[in-house]
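Residues per chain are reported as follows:
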Amino acid sequence: MCGIFSLLIPENDNTHSTDEILQVIRNSRLPHRGPDRQDSCNNIDASGQDGLKLFMYGCVLHFRGPLTSQPISDGKGNTLLWNGEIFGGIQIPAEQNDTKVLFEMLSHCKSDGEILEIFGLIKGPWSFIYYQAELKRIWFGRDYFGRRCLLWHRPVDNHDCFILSSIKVGSWDWEEIPVDGIYYLDSDMKVHLFPWRKCESTRVEPVHGSTVSPSELIYEKLTVPLHIHPFNRLNPTMNDLTGILECSDSENLFKSASDEMIKLADDLVNILSRAIEIRVSEQPLLCSNCLKEILSESNHCDSLNFTDSKRCDHARLAVLFSGGIDSMMIAALADRHVPPDQPIDLLNVAFQLQAKTNSFNKCTRSKQKNEDIPCDPYAVPDRLTGLSGLEELKKLNPARKWNFIEINVTVEELQKRRVNCISDLVYPLKTVLDDSIGCAIWFAARGYGLLNQEEYTSPARVVLVGMGADEQLGGYSRHRGIYQKDNWKGLIDEIEMEIDRISSRNLGRDDRIITDHARESRFPFLDEDVVSFLNSLAVWKKMNLNLPRGFGEKYLLRLAALRLGLQQTSILPKRAIQFGSRIAKIENSKEKASDVCDRLNKIACT
């Protein structure tokens, strides 16, 4: 995981000296993404007719093999900035760093098709910037799901710069790069696009929400292979839907399931477990605090190989944890792969209930009979389900040390942190929903709170999050509304669209937010094998919205939770983080999620 940045400037431009660029970067939040090692390359010759110079900067958050400085270059002038993890598709020997392996492969490519094939093979999240010296091209892009962020500033005139960055840097205007395929910028400052190629087609259209019109791009004929199973659009027959019982508890939910559905639930458990296993195991054997000590004591960082380190006994894994079915499944399966003597940190965020809110009034009324018991201002829904989920995990594995971190946020701290940093990380997104979710995730991922009533900050570098489950398994309330209106055809259309546009909705924002704490977000539900498995199934085998709320949405996942012994979890209704944490009620409850957020907008204008 890294923070990556590149700036292409005219050779005769005297307004962007190296020292000035470095100062702008160091004043931004880019270095927060990679505190282990930071380096730069400048005056790279990217000459076109007018002469161009390329500046590249990398901030490394190290995970695998020898600590590798970025940008990484060879004798030919090829240079790579890599912000990603290769979890499959390309073999990475245990003792090697994936940045070096990828760079060597790219350096040996003789054609565009070879470069595209490499990125088509990679399983895992990534964004990258690669300078191909021979052709003087700057290649860049993001993985198909947009799990790693990358922004661009496109020149507005002949005197402006072309800039790529993981997050907002400086006062330039930025846009998220659409996840339409792999791009390159030629020496004449023209952007070319190689679109993704799905399994069942030879071409794809730009994703929903693309900020680039086709006229601004040169579309290449070659496409990037996408090794993901096509979405199953099969409509159900009456026979497909027979035998479904009304459910009132987890026992009836299980009894209503056919042998085929039980088998599919077991398959989902196994595939999701493998996805979590690699996301748990591919990291140093030391927590963040222990790694910092070694790095601070070493004068030869490039020679350090943390794969061979002695394992510490602190938490190296955290889970964004609401106690809902997504986070409970992740925690329960992570328990299989984390060493038994090592803690797992469960990060549970709550925003302070205000005296004027209905939630606070209900809490107060419930305590009126006993004046000695104060109302807990952080007794929000996600805190209650989190504590309940904690007890279920303890029953599942009582020997495990489950660190339930109570992350309590006041209105004052929320407002302060939004101004100081969160607004820059949410940018260029700007809606009320982006603000609410961005703030909630930032505080949760910070990992600072109370553990057994004592202050604690999680030392974990890896944070597992449940994004992607609702889109694939029909978890949102709008899915039920669409089903009631347009039946199965409307639901199938909606789910396919949700999966196609997930890259443009929120994952870039979440990556910017989480990695600000020098932690890496990993998304098991968006593992390529998990997505392929779910895509292969007919929609009615993943959700059955004939069943009531808490049973029909994410039906297959609920069966999988039952197979793991999570009975209480299996029938919990979906609750979005902005409502479960109560951040949506903390300031202006009359706003709509799609409104432009005045709080972010005012900050952006200051």
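All values reported here derive from a predicted model rather than from experimental measurement. (Residues numbered from 1 in each chain as written. Predicted model: local features only at pLDDT ≥ 70, side-chain atom pairs only at ≥ 80, totals over all residues. Heavy atoms only, no water.)

### Points about the side chain of Asp160
Phase 1 of the analysis: Note on placement: Asp160 falls in the loop between strand S8 (151-153) and strand S9 (162-165).
Phase 2 of the analysis: In this structure Asp160 is buried but unpaired, with Arg154 as the nearest side chain of opposite charge at 9.8 Å.
Phase 3 of the analysis: Only 3.1 Å separates the side chain of Asp160 from the backbone nitrogen of Val156, close enough to count as a polar contact.
Phase 4 of the analysis: Every residue in contact with Asp160, bar those within four places of it in the chain, is listed here: His153, Arg154 and Pro155. (Helix = DSSP H or I, 4+ residues; strand = E, 2+ residues; numbered from the N terminus. Buried < 20%, exposed > 50% of the residue type's maximum accessible area, 1.4 Å probe, protein only. Lys, Arg positive; Asp, Glu negative; His and termini not counted. Salt bridge = Lys/Arg side-chain N within 4 Å of Asp/Glu carboxyl O. Polar contact = N/O pair within 3.5 Å; in protein donor to acceptor, adjacent residues only side chain to side chain. Contact = heavy atoms within 4.5 Å.)

### Here's the deal with the side chain of Asn397
Phase 1 of the analysis: Tracing the chain through its elements places Asn397 in the loop between helix H9 (381-396) and strand S17 (402-409).
Phase 2 of the analysis: The exposure class assigned to Asn397 is buried, which follows from its relative accessible area of 19%.
Phase 3 of the analysis: For Asn397, the side chain forms a polar contact with the side chain of Asp335, separated by 2.8 Å.
Phase 4 of the analysis: Setting aside anything within four residues of it in sequence, one finds Asn397 in contact with Asp335 and Trp402.

### Focus on the packing of aromatic side chains
Phase 1 of the analysis: Counted under the stated rule, the structure contains 22 aromatic pairs.
Phase 2 of the analysis: Plain terms: the ring middles of Phe140 and Trp152 are 5.9 Å apart, the flat faces sit at 65° to each other, and that makes the pair edge-to-face. In this pair, Phe140 sits in strand S7 (residues 137-142) while Trp152 sits in strand S8, placing the two residues 12 residues apart along the sequence. Residue Phe140 shares its accessibility class with Trp152, and that shared class is buried.
Phase 3 of the analysis: Between Phe140 and Phe162 the ring centres are 5.9 Å apart and the planes differ by 55°, which places this aromatic pair in the tilted class. Separated by 22 residues along the polypeptide, Phe140 in strand S7 and Phe162 in strand S9 bring together distant segments of the chain. Here Phe140 matches Phe162 in class, with each residue buried.
Phase 4 of the analysis: Connected via pairs of aromatic rings, a cluster forms that spans Trp82, Phe119, Trp126, Phe128, Tyr144, Phe145 and Trp196.
Phase 5 of the analysis: The cationic tip of Arg137 hangs over the ring face of Tyr184; the distance from NZ or CZ to the ring centre is 4.0 Å.
Phase 6 of the analysis: Seen from the ring of Tyr476, Arg478 lies directly overhead, with NZ or CZ sitting 4.3 Å from the centre. (Phe/Tyr/Trp six-rings, centres within 6.5 Å; stacked < 30°, edge-to-face > 60°. Lys NZ or Arg CZ within 6 Å of the ring centre and 35° of its normal.)

### Some points on the packing of helix H10 (residues 411-426) against helix H11 (residues 432-446)
Phase 1 of the analysis: The contact between H10 and H11 brings their axes to 10 Å, and the two run at 105°. Comparing their axes, H11 and H10 come out roughly perpendicular. Across from Glu413, Leu414, Arg417, Arg418, Cys421, Ile422, Leu425 and Val426 in H10, the residues of H11 making contact are Asp434, Asp435, Gly438, Cys439, Trp442, Phe443 and Arg446.
Phase 2 of the analysis: Class assignment for the residues of the contact of H10 with H11 results in eight nonpolar, one polar and six charged. (Axes fitted to C-alpha atoms, helices over the stretch in contact; angles between N-to-C directions. Parallel < 35°, antiparallel > 145°, perpendicular 65-115°, else oblique. Nonpolar A, V, L, I, M, F, W, Y, C, P; charged D, E, K, R; others polar.)

Interpretation in functional terms is not warranted from these geometric data alone.
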